[in-house]
Amino acid sequence: MTLRTLLLWFGAIAGPTSLVLQLYLTLVARLADGDSVLGALFYFVTFFTILSNTMMALCYVAALSGWTWLSWWQTPFARTLTAGSIAMVSLYYIFFLSGLTDPTGLGQILNIYMHYLAPWLFVLWWLLTPGHGTLRYADVPRLLIYPLAYLVVVMIRGAFVNEYPYPILRANEFGYGQVALNCLFMLIGFIIIYVVTVAVDRWLGRRQAAS
């Protein structure tokens, strides 16, 4: 069994399992605070970490199963988008959020997996998976649709329920001007990481073509 196959099997099993367990913990905590099941579910998917880990799971399962209804998740664009996005998840958590949370027990295990282990295992799997070289730098604006759409949705929700998933988005505390500035810096970060991801993809494509 190759390393790529081992990573694929591990991700296809551990990815969905971790999401189900995190959903369980979220439901328990939110329902205990008086939230509804629907409200807890919506809260769960407002986290960029959860969405990006879901994207990883879809890429793994699509590659392993070959199901046609998941065929988009087998495309180089989907894998590159996921690799760049989950790398940002890990880097942002490590440098800005890790000191703000103190989970215990199962929550701590899931936190380590989703923010430290899973992102870089996926990046490694992406690097080892054939099919590189089809993306262009002109694809970067398309890659940015995901984080920008995410931002729009969570800010609209936040305006109605007065709750935001990340500190930098808390317009109720800092005002929309500061949040806009925070988002501008995050946008620059996403542009950089997607450009780097596309550059690596193109380099790997040239290597594969030469070999």
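Everything numeric in this text was worked out from a predicted model, so none of it was measured.

Enquirer: What's the story with the overall build of the protein chain in this structure? I'm lost.
Expert: The secondary structure content of the protein chain amounts to seven helices and zero strands. Relative to the 2.2 N^0.38 estimate, which gives 17 Å for 211 residues, the radius of gyration of the protein chain is 18 Å and therefore close to what a compact globule would have. Over its C-alpha atoms, taken along the principal directions, the protein chain stretches across nearly 55 × 35 × 35 Å. Considering the protein chain as a whole, with its 211 residues, one finds that 42% of them fall into the buried category. Across the protein chain, the fraction of contacts at a sequence separation of at least 24, relative to all contacts at a separation of at least 6, is 73%. Approximately 11100 Å² of the protein chain is accessible, and the part contributed by carbon and sulfur atoms is 71%. Both charge centroids of the protein chain, one from 10 positive and one from 7 negative side chains, sit 19 Å from each other.

Enquirer: Just checking my understanding: could you explain the packing of aromatic side chains for this structure?
Expert: Any pair of aromatic rings gets described here by the distance separating the centres and the angle formed by the planes. Throughout the structure, instances matching the rule amount to 16 aromatic pairs. Ring centres 5.2 Å apart and planes at 75 degrees place the aromatic pair phenylalanine 48 and tyrosine 150 in the edge-to-face group. Here the residue phenylalanine 48 occupies a position in helix α3 (residues 48–65), and tyrosine 150 occupies one in helix α6 (residues 140–161), the gap between them amounting to 102 residues. A centroid spacing of 6.4 Å and a plane angle of 90 degrees characterise the contact between tyrosine 92 and tyrosine 166, whose relative ring orientation is edge-to-face. Pair noted here: tyrosine 92 is in helix α4 (residues 76–97) and tyrosine 166 is in the loop between α6 and α7 (171–210), with a separation of 74 residues, a long-range link. Note on accessibility: tyrosine 92 and tyrosine 166 belong to one class, buried. Here the aromatic residues Tyr43, Phe47, Tyr92, Phe96 and Tyr166 are joined through ring pairs into a cluster of three or more. The ring of phenylalanine 77 carries the charged tip of arginine 142 above its face, separated from the ring centre by 4.0 Å. Sitting over the ring of phenylalanine 42, arginine 157 keeps its end group 5.7 Å from the ring centre.

Enquirer: For this particular structure, what's the right way to read a nonpolar patch on the surface?
Expert: A cluster of nonpolar side chains, namely Met1, Leu3, Leu6, Trp9, Ile13, Leu64, Leu124, Leu127 and Leu128, defines an oily patch on the protein surface of about 850 Å² accessible area. If you list the elements that add at least two residues to the nonpolar patch, you get α1 (3–32) and α5 (106–128). If one sorts the elements of the nonpolar patch by residue count, α1 sits on top with four residues. Mapped onto the fold, leucine 3 is located in helix α1.

Enquirer: I tried to follow α1 on my own but got confused; where do I start?
Expert: In an α-helix, one full turn covers 3.6 residues, which means residues spaced three or four apart are oriented alike. Along its 30 residues, α1 runs 42 Å from first to last C-alpha, staying within 8% of the 44 Å computed at 1.5 Å per residue. Listed in full, the buried residues belonging to α1 are Leu7, Leu8, Gly11, Ala12, Ala14, Gly15, Ser18, Leu19, Gln22, Thr26 and Arg30. Summarising the contacts, the buried residues of α1 are in contact with α2 (37–44), α3, α5 and α6. Phi for glycine 34, located one or two positions after α1, is positive at around 95 degrees.

Enquirer: Looking at this structure, how should I read α2?
Expert: All buried positions along α2 are accounted for by Gly39, Ala40, Tyr43 and Phe44. Along α2, the residues classed as buried sweep out an arc of 140 degrees about the axis, all on the same side. Where α2 is buried, its residues contact α1, α3 and α6.

Enquirer: Sorry, what's going on with empty space enclosed by the protein here?
Expert: One way to see where empty space is left: roll a probe the size of a water molecule over the atoms. Counting across every chain of the model gives one cavity of 30 Å³ or more. Here the largest cavity is characterised by a volume of approximately 40 Å³. Looking at the largest cavity, the residues that line it are Pro76, Arg79, Thr80, Trp126, Thr129, Pro130, Gly131, His132 and Asp201. A per-element tally of the lining of the largest cavity places α4 first, with three residues. Its residues assigned to classes, the lining of the largest cavity shows three nonpolar, four polar and two charged.

Enquirer: Honestly, the side chain of asparagine 182 in this entry has me stumped. Any pointers?
Expert: The topology assignment puts asparagine 182 in helix α7. Residue classification places asparagine 182 among the buried positions, given a relative accessible area of 16%. Among the polar contacts listed, one links the side chain of asparagine 182 to the backbone oxygen of isoleucine 168, at a separation of 3.1 Å.

Thresholds, definitions, all that
- Residues numbered from 1 in each chain as written.
- Predicted model: local features only at pLDDT ≥ 70, side-chain atom pairs only at ≥ 80, totals over all residues.
- Heavy atoms only, no water.
- Helix = DSSP H or I, 4+ residues; strand = E, 2+ residues; numbered from the N terminus.
- Rg over C-alpha atoms; globule rule 2.2 N^0.38 Å.
- Buried < 20%, exposed > 50% of the residue type's maximum accessible area, 1.4 Å probe, protein only.
- Contact = heavy atoms within 4.5 Å.
- Areas by Shrake-Rupley, 256 points an atom, 1.4 Å probe, with all protein chains shown as cover.
- Lys, Arg positive; Asp, Glu negative; His and termini not counted.
- Charge placed at Lys NZ, Arg CZ, Asp CG, Glu CD.
- Phe/Tyr/Trp six-rings, centres within 6.5 Å; stacked < 30°, edge-to-face > 60°.
- Lys NZ or Arg CZ within 6 Å of the ring centre and 35° of its normal.
- Patch = residues over 30% accessible without salt bridge, like charges linked within 9 Å, V, L, I, M, F, W, Y side chains within 5 Å.
- Salt bridge = Lys/Arg side-chain N within 4 Å of Asp/Glu carboxyl O.
- Expected span 1.5 Å × (residues − 1).
- Arc of directions from axis to C-beta.
- 1 Å grid on protein atoms, 1.4 Å probe; cavity = no way out; pocket = protein on both sides within 12 Å on 5 of 7 lines; lining within 4 Å.
- Points joined across faces, edges and corners; volume = space filled by probe spheres on them.
- Nonpolar A, V, L, I, M, F, W, Y, C, P; charged D, E, K, R; others polar.
- Polar contact = N/O pair within 3.5 Å; in protein donor to acceptor, adjacent residues only side chain to side chain.

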